[in-house]
Amino acid sequence: MSKELTLTVISPDKILYQGKAESVILPGAVGYFGILPGHATLVSQLDFGLIKLHTAGKEFRIAIDGGFCEVRNDQIRVLTEGGDSEDDLSHDHAVELLEEAEALPVSKDKEILLKKAKVRILLHER
């Protein structure tokens, strides 16, 4: 059994992450769940939230806008509609996104933009 996972996170625009991890926490549709090496095969819907991966004693975070994941043979593949890593987006820019979304009139689009902005703010909170 391997002691590492291989994680690939893909959005339509770019590969958000591709590399090794010791453990991964994913934002499932009904709550967060963790994956360790040797995990059973799994396909799951994902919600807006943070992917938290641990490697070499460090935590790395990726904000995603929902999607799906597949876990098989210590490989995790995440397909998401969009996302950002901690390095892609500053806290100040995330706050600007939230303020812009809050200023919109009530609509389904506003709800989605609010979720995206709130998840981006969480990227920088520890």
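Counting of residues starts from 1 at the beginning of each chain's written sequence and follows it residue by residue. At least 70 in pLDDT is required for a residue's local features to be given in this predicted model, at least 80 for side-chain atom pairs to be given and counted, and no such filter applies to totals for whole chains, interfaces and linings, which use all residues. The side-chain values count all of the structure's non-hydrogen atoms but skip hydrogen atoms and water molecules.

Quick note on the threshold: UniProt positions are given in the numbering used here, feature names are shortened, and annotations may be inferred rather than shown by experiment.
As recorded in an unreviewed UniProt entry, the chain goes by the name ATP synthase epsilon chain, listed as coming from Leptospira wolbachii serovar Codice str. CDC. Entered under Sequence similarities (unreviewed entry) in the UniProt record, the comment concerning the chain runs "Belongs to the ATPase epsilon chain family." Taken from UniProt, the Function (unreviewed entry) comment for the chain reads in full: "Produces ATP from ADP in the presence of a proton gradient across the membrane."

**Regarding the pairing of strand S2 (residues 15-21)**
Let me state the cut-off plainly: At least two bridges found by DSSP between two strands is the condition for calling them paired. The helix count covers DSSP runs of H or I at least four residues long, the strand count covers runs of E at least two residues long, and both are numbered beginning at the N terminus.
Note: strand S1 (residues 5-10) against S2, six bridges, orientation antiparallel. By the bridge assignment for S2, isoleucine 10 is matched with isoleucine 15. If you look at the hairpin formed by S1 and S2, you'll find four residues sitting between the two strands.

**Topic: unusual backbone geometry**
Unusually for a residue other than glycine, alanine 56 sits at a positive phi of about 50°. Structurally, the position occupied by alanine 56 is in the loop between strand S5 (42-55) and strand S6 (58-72). Unusually for a residue other than glycine, asparagine 73 sits at a positive phi of about 55°. Along the chain, the position of asparagine 73 falls in the loop between S6 and strand S7 (75-80).

**A word on the UniProt feature "domain: ATP synthase F1 complex delta/epsilon subunit N-terminal" (unreviewed entry) in the chain**
Feature annotation in UniProt assigns "domain: ATP synthase F1 complex delta/epsilon subunit N-terminal" (unreviewed entry) to the following positions: residues 5-81. Helix makes up 0% of residues 5-81 and strand 77%, whereas the separation of the span's terminal C-alpha atoms amounts to 23 Å.

**As for the packing of aromatic side chains**
Ring pairs (aromatic) are described by centroid distance and by the angle formed between their planes. Note the following rule: Here is the rule: rings of Phe, Tyr and Trp (six-membered ring for Trp) pair when centre to centre is within 6.5 Å. Planes less than 30 degrees apart are stacked, more than 60 are edge-to-face, and the remainder are tilted. Whether a charge sits over a ring comes down to the Lys NZ or Arg CZ being within 6 Å of the ring centre and within 35 degrees of the ring normal.
Inspection of every chain in the model, using the stated rule, returns one aromatic pair. Above the plane of the ring of tyrosine 32 lies lysine 52, whose end atom (NZ or CZ) is 6.0 Å from the centre.

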